[in-house]
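For reference, the chains in residue letters:
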Amino acid sequence: MSRADTIRFRHHQAVLVAAVIATIGALPLAAARTYLLPVLLVPLVVAAWAWRSGTDADRRELRVRALVGSRRVPWEQVVELTADPRGRAVVRLADGQQLPLPAVQGVDLPRLVSITGQALPDPR
C-alpha cells in the first residue's frame, strides 16, 4: 500500500496526550510504594493503543489494526458497511462475522467507500 492511495483512520491525538499526562501524574504514586508500580501500566497501554490502533483502506483491502495484531480483509469479503447505534462503523463479512472498524465513524463511511473506486448509491 502506498501512502497516496491509502486512507487512514486513527483515534484523536488528544487520547495520546491524555495518556502521557496520566503517566506523568501516576509517577509520584508509583514512586511512593513499589507495589504501586503497575499503576503506570494503565496509561502506557492506553498511549500504545491510541498510537497503534485504527483502520487503513486501499483499493484491495481493509486493514484493521488493534493494540496487538492486525487483520487484513479483502473488499471481496465485505458484504456491508454500516454504523452501529452509537455511530461507530462496522463491516459485515461474507461469513457472517461483524468487525468493528477502529477510529471510523458512521459519517466517515462515504470516504471509506470512495477509496474503493465504487460510486455510492443515490440517496433518493
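Participant: Let's hear about a nonpolar patch on the surface: which residues, and what values?
Facilitator: On the surface, Leu41, Val42, Leu44, Val45, Val46, Trp49, Leu67 and Val68 cluster together into a nonpolar patch covering about 720 Å² of accessible area. Mapping Val42 onto the fold places it in helix 2 (residues 41–52).

Participant: Go over the nonpolar core with me, naming the residues and quoting the values.
Facilitator: Formed by 18 residues in total, the largest nonpolar core has its most connected members in Ala57, Leu62, Trp75, Val78, Val91, Leu101 and Leu112. Residue assignment for this core shows that the elements contributing at least two residues are strand 1 (7–10), strand 3 (61–65), strand 6 (88–93), strand 7 (98–105) and helix 3 (109–114). Residues contacting Val78, with those up to four places away along its chain left out, are Leu62, Val73, Val91, Arg92 and Leu93.

Participant: Outline the sheet that holds strand 4 (residues 70–74), supporting the account with residue identities and numerical values.
Facilitator: Pairing is antiparallel in the open sheet, where 4 strands are placed in the order 1-2-3-4. The open sheet has two free edges, formed respectively by strand 1 and strand 4, since each of these has just one partner strand. Averaged over neighbouring strand pairs, the angle between their axes works out to 15° when direction is ignored. Pairing between strand 2 (residues 54–57) and strand 3: 4 bridges, direction antiparallel. When the bridges of strand 3 are listed, Asp56 appears paired with Arg63.

Participant: A description of helix 2 should follow, citing residues and the corresponding values.
Facilitator: With 12 residues, helix 2 ought to run about 16 Å at 1.5 Å a step, and its terminal C-alpha atoms sit 16 Å apart, in line with that. Along helix 2, the residues classified as buried are Pro43, Ala47 and Ala50. Each buried residue of helix 2 sits inside an arc of 65° when the element is viewed along its axis, so together they form one side. Residues of helix 2 that are exposed and point over 90 degrees away from its buried face: Leu41 and Val42. For helix 2, the secondary structure elements touched by its buried residues are helix 1 (13–32).

Cut-offs used in this document
- Residues numbered from 1 in each chain as written.
- Predicted model: local features only at pLDDT ≥ 70, side-chain atom pairs only at ≥ 80, totals over all residues.
- Heavy atoms only, no water.
- Patch = residues over 30% accessible without salt bridge, like charges linked within 9 Å, V, L, I, M, F, W, Y side chains within 5 Å.
- Areas by Shrake-Rupley, 256 points an atom, 1.4 Å probe, with all protein chains shown as cover.
- Salt bridge = Lys/Arg side-chain N within 4 Å of Asp/Glu carboxyl O.
- Helix = DSSP H or I, 4+ residues; strand = E, 2+ residues; numbered from the N terminus.
- Core = buried A, V, L, I, M, F, W, Y, C linked by side-chain atoms within 4.5 Å.
- Buried < 20%, exposed > 50% of the residue type's maximum accessible area, 1.4 Å probe, protein only.
- Contact = heavy atoms within 4.5 Å.
- Pairing = 2+ DSSP bridges.
- Axes fitted to C-alpha atoms, helices over the stretch in contact; angles between N-to-C directions.
- Expected span 1.5 Å × (residues − 1).
- Arc of directions from axis to C-beta.

Function cannot be read off these values alone, since they describe shape.
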